[in-house]
Amino acid sequence: MKTGQYNNLIINRFVDFGAYLIDDEGNEVLLPKRYLTGDEELDDKIEVFVYHDSENRPVATTEHPFATVGQFCLLRVKAVNAIGAFLDWGLAAKDLLVPFREQRVRMQAGRSYIVYIYLDPTSQRIVASAKLDKFLNNSRPDFYHRQKVDVLIVQQQEIGYRVIVDGKHWGMIYNNELYQPVNIGEHHTGFIKQVRDDDKIDVTLAKIEKMRIDDVASDILRYMQENNGAMLLGDKSSPEEIQRTFNCSKKDFKKALGLLYRQHKVALGEQVTLI
């Protein structure tokens with residue numbers, strides 16, 4: 001039975017105040033009566049989220065929190081007291097504590113913060129931390145070019161947005177790679193542009209085709225710069241010539257050439273020339 005995660009458990013017995021669920025090892029947890037529909041029977045399997053109540057007893061719920069243990073999420077502070085800040089994480093009976101020692105800046109009620117949810121090793125209670133660096137970049141990134149990844153928007157900076165990539169590493173989306181509006185706390189599907197020599201990760205939200213066309217456009221510019229600013233290849237060139245020179249399809253070549261023309265980087269004629 002995993003605390004802070006969803007578990008598929010079996011109804012072992014009913015009591016006046018709910019039902020006790022059991023896992024494969026015989027561990028029991030209470031599912032309070034308010035989460036029962038009345039149609040359940042003994043030995044039914046049910047998916048529940050398991051956490052600890054205010055008295056540190058395990059309890060189950062059919063509610064779905066905004067995030068589970070091991071995940072990053074943008075959550076709103078409901079209240080602050082002498083212990084720390086309490087976040088609304090989607091459970092009616094349980095708020096999520098961020099102890100003062102885990103706050104990067106003093107949290108304020110009504111404001112939202114990106115936090116990491118984890119199981120405190122001492123108390124075994126689910127808590128959160130706003131000190132994200134502790135939970136990121138703890139291994140070398142092993143992404144490949146154009147790999148599809150989950151991107152969490154964390155912080156706006158002058159050059160773009162700092163993001164969390166696949167819940168493991170810091171990454172950056174530059175302003176010139178943004179082709180859609182984004183907001184802090186949103187998850188997006190992104191693609192790896194490159195992993196730099198210093199392990200910093202560049203990400204884009206552009207679709208794979210857009211990335212491919214950008215790559216071909218860069219190759220065309222580089223080729224022309226190395227050949228006195230001109231190129232004989234164009235729309236009427238054979239697919240074989242284009243493939244041999246740029247290792248791409250004629251369709252992608254024409255799209256890249258059109259992109260460079262619209263960006264006023266090349267002039268089209270009997271030969272293509274740099275502007």
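In this text the structure is predicted, and so the values were computed from the model without any measurement.

Calculation rules
Residues numbered from 1 in each chain as written. Predicted model: local features only at pLDDT ≥ 70, side-chain atom pairs only at ≥ 80, totals over all residues. Heavy atoms only, no water. Pairing = 2+ DSSP bridges. Helix = DSSP H or I, 4+ residues; strand = E, 2+ residues; numbered from the N terminus. Contact = heavy atoms within 4.5 Å. Axes fitted to C-alpha atoms, helices over the stretch in contact; angles between N-to-C directions. Core = buried A, V, L, I, M, F, W, Y, C linked by side-chain atoms within 4.5 Å. Buried < 20%, exposed > 50% of the residue type's maximum accessible area, 1.4 Å probe, protein only. Salt bridge = Lys/Arg side-chain N within 4 Å of Asp/Glu carboxyl O. Phe/Tyr/Trp six-rings, centres within 6.5 Å; stacked < 30°, edge-to-face > 60°. Polar contact = N/O pair within 3.5 Å; in protein donor to acceptor, adjacent residues only side chain to side chain.

Caption draft 1: Local environment of the sheet that holds strand β17 (residues 266–267). The strand order across the open sheet built from 3 strands is β16-β18-β17, with neighbouring strands paired in antiparallel fashion. Either end of the sheet is taken by a strand with one partner, and the two such strands are β16 (230–231) and β17. Bridge count between β17 and strand β18 (residues 272–274): 2 bridges; the pairing is antiparallel. Within the sheet, the bridge partner assigned to valine 266 lies in β18 and is leucine 274. Of the strands in this sheet, β16, β17 and β18 are in contact with helix α1 (residues 208–225), which crosses β18 at around 80°.

Caption draft 2: Focus on the nonpolar core. Counting 21 residues, the largest nonpolar core has Leu87, Trp89, Leu96, Met107, Val115 and Ile126 as the members making the most contacts within it. Broken down by secondary-structure element, the contributors of at least two residues to this core are β4 (45–52), β6 (72–80), β7 (84–91), β8 (94–99), β9 (112–119) and β10 (126–129). A total of 4 residues in this core trace back to one element, the largest contributor, which is β7. Aside from chain neighbours lying at most four places away, what touches valine 115 is Gln71, Phe72, Cys73, Leu75, Leu87, Val98, Met107, Ala128, Ser129, Ala130 and Leu132.

Caption draft 3: Local environment of the pattern of salt bridges. Applying the stated rule across the entire model yields 14 salt bridges. Across the salt bridge formed by aspartate 199 and arginine 140, the nearest N and O atoms sit 2.8 Å from each other. One end of the pair, aspartate 199, is in the loop between β14 (187–195) and β15 (201–204); the other, arginine 140, is in the loop between β10 and β11 (148–157), and 59 residues separate them in sequence. You can call aspartate 199 partly exposed: its relative accessible area is 27%. When its relative accessible area of 62% is taken as the criterion, arginine 140 is described as exposed. Each of Asp53, Glu55 and Arg57 takes part in salt bridges that share partners, so that together they form one network.

Caption draft 4: Quick peek at the packing of aromatic side chains. All chains considered together, the criterion is met by 10 aromatic pairs. Judged by centre distance (6.4 Å) and plane angle (80°), the ring pair of phenylalanine 17 and tyrosine 20 falls under edge-to-face. Ring centres of phenylalanine 72 and tyrosine 116 lie 4.7 Å apart, and the angle between their planes is 50°; on these two criteria the pair is classed as tilted. Taken together, the residues span a long stretch of sequence, with phenylalanine 72 in strand β6 and tyrosine 116 in strand β9 at a distance of 44 residues.

Caption draft 5: Focus on unusual backbone geometry. In this structure, asparagine 56 is a non-glycine residue whose phi angle is positive, near 65°. By the secondary structure assignment, asparagine 56 is in the loop between β4 and β5 (58–61). Given the relative accessible area of 30%, asparagine 56 is considered partly exposed. Non-glycine residue histidine 264 carries a positive phi angle of around 60°. Since its relative accessible area comes to 63%, histidine 264 is described here as exposed.

Caption draft 6: Layout of the side chain of threonine 61. You can see threonine 61 is positioned in strand β5. A relative accessible area of 0% places threonine 61 in the buried class. Within polar-contact distance, the side chain of threonine 61 engages the backbone nitrogen of glutamate 63 at 3.0 Å. Setting aside its immediate chain neighbours within four residues, threonine 61 contacts Leu31, Tyr35, Val48, Phe49, Tyr51 and Leu91.

Caption draft 7: Examining the pairing of β7 more closely. As paired elements, β6 and β7 share 4 bridges and run antiparallel to each other. Following the sheet pairing, alanine 79 is matched in β7 by phenylalanine 86. Between β6 and β7, which pair antiparallel one after the other, the connecting turn spans 3 residues. The loop that links β7 with its antiparallel partner β8 comprises 2 residues.

Caption draft 8: Representation of the side chain of glutamate 40 within the structure. Secondary-structure assignment places glutamate 40 in the loop between β3 (28–32) and β4. In this structure the side chain of glutamate 40 is engaged in a polar contact, spanning 3.0 Å, whose partner is the backbone nitrogen of glycine 38. Once residues lying within four places of it in the same chain are set aside, the contact partners of glutamate 40 are Ile11, Phe14 and Tyr35.

Treat this as a map of the structure, not an account of what it does.
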